[in-house]
Amino acid sequence: MSGTVLVAGIGNVFLGDDGFGVETVRALTRRVLPADVEVLDIGVRGVHLAYQLLDGYDTLILVDATARGEAPGTLYVIEHADTGADDLEVAVIDGHRMTPDAVLALLNTLCAGTGAEPPRRTLVVGCEPACVEERVGLSPPVSAAVPEAVRLIEQMLCGERRTPPGGDGVPVHGPGVPHL
């Protein structure tokens, strides 16, 4: 791995399984990680994340609830494809509904205005939610996925680099993780 890495947990802890990213990075902060890795609980502060990324990171790993139609608790690793200049037109700021795509669109707008560079690579470690209704706490299958997500992120950060079964958004069921 080269360059600095930001691991950002995003989501709303008051919407059940939407708090997956926040809970996962909380668990990750109790682990020993390489010195060039920064872990942040972003929660619903998407605008803050966009400005944080202006500090310059080589890799961004977003941790979030990600509904893709599999069983609740299924983990995914998704490589974000940069859509380019089109993002400049959709960078609408809504402090309460900043999806990862909206954050990255805002980042592209900020980079265009400041000359900063966005991360070279953006990955999403996602978990299939069971319930994203108003409530505090994760459902049992998503709660059980948190330690596995922590192990997966540690593998990504600490060099166990294999061809990813989940790099294109396919559910992660094996030991493979993306190259950083």
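Residues numbered from 1 in each chain as written. Predicted model: local features only at pLDDT ≥ 70, side-chain atom pairs only at ≥ 80, totals over all residues. Heavy atoms only, no water.

Asker: Please clarify how the overall build of the protein chain should be interpreted in this entry.
Answerer: A tally of regular secondary structure across the protein chain gives four helices and six strands. For the protein chain, the α and β elements follow one another from N to C terminus as β-α-β-α-β-β-α-β-α-β. When burial is assessed residue by residue, the protein chain has 48% of its 180 residues classed as buried. Across the protein chain, contacts joining residues at least 24 apart in sequence account for 74% of those joining residues at least 6 apart. When the accessible surface of the protein chain is split by element, carbon and sulfur atoms take 53% of a total near 8,600 Å². (Helix = DSSP H or I, 4+ residues; strand = E, 2+ residues; numbered from the N terminus. Buried < 20%, exposed > 50% of the residue type's maximum accessible area, 1.4 Å probe, protein only. Contact = heavy atoms within 4.5 Å. Areas by Shrake-Rupley, 256 points an atom, 1.4 Å probe, with all protein chains shown as cover.)

Asker: Looking at this structure, how should I read helix H4 (residues 140-158)?
Answerer: Working note: α-helix, 3.6 residues per turn, so residues spaced by three or four point in the same direction. In this model H4 runs 28 Å from its N-terminal to its C-terminal C-alpha over 19 residues, within 8% of the 27 Å that 1.5 Å per residue would give. The sharpest bend along H4 reaches about 30 degrees and sits at Val 146, with the proline Pro 147 one to four residues further on. Within H4, burial applies to Val 142, Ala 145, Val 146, Ala 149, Val 150, Leu 152, Ile 153, Glu 154, Met 156 and Leu 157. Those residues of H4 that are buried lie in contact with strand S1 (5-10), helix H1 (20-28), strand S2 (37-43), strand S3 (59-65), strand S4 (75-79) and strand S5 (121-127). (Expected span 1.5 Å × (residues − 1). Bend = angle between axes of the 7 residues up to and from the residue.)

Asker: Hey, could you run me through the side chain of Thr 66 in this one?
Answerer: Along the chain, the position of Thr 66 falls in the loop between S3 and S4. At 3.2 Å, the side chain of Thr 66 and the backbone oxygen of Asp 64 are in polar contact. Apart from the residues within four sequence positions on either side, Thr 66 is in contact with Tyr 76, Ile 78, Val 124, Gly 126, Cys 127, Glu 128 and Pro 129. (Polar contact = N/O pair within 3.5 Å; in protein donor to acceptor, adjacent residues only side chain to side chain.)

Asker: What exactly am I supposed to notice about the pairing of S1 here?
Answerer: Each regular strand carries side chains that alternate between the two faces of the sheet. Counting buried positions over the six residues of S1 gives six, a clear majority of the element. Side chains Val 5, Val 7 and Gly 9 of S1 all project onto a buried face; the interleaved residues Leu 6, Ala 8 and Ile 10 project onto the opposite face, where all are buried too. With H1 bridging S1 and the parallel S2, this β-α-β connection has right-handed handedness. Inspection of the sheet shows S1 paired to S3 by five bridges, in the parallel sense. The residue of S3 that forms the bridge with Leu 6 is Leu 60. (Right-handed = clockwise from strand over helix to strand, strands pointing away. Pairing = 2+ DSSP bridges.)

Asker: Please explain the packing of aromatic side chains as it appears in this structure.
Answerer: We describe a pair of aromatic rings using the distance from one ring centre to the other and the angle between the two ring planes. Inspection of every chain in the model, using the stated rule, returns zero aromatic pairs. Here the basic side chain of Arg 68 rests over the ring of Tyr 76, its NZ or CZ set 5.7 Å away from the ring centre. (Phe/Tyr/Trp six-rings, centres within 6.5 Å; stacked < 30°, edge-to-face > 60°. Lys NZ or Arg CZ within 6 Å of the ring centre and 35° of its normal.)

Asker: Please clarify how H1 should be interpreted in this entry.
Answerer: In terms of burial, H1 is a largely internal element, seven of the nine residues being buried. Among all positions of H1, only Phe 20, Gly 21, Val 22, Thr 24, Val 25, Ala 27 and Leu 28 are buried. Residues of H1 that are buried in the fold lie against S1, S2, S3, S4, S5 and H4.

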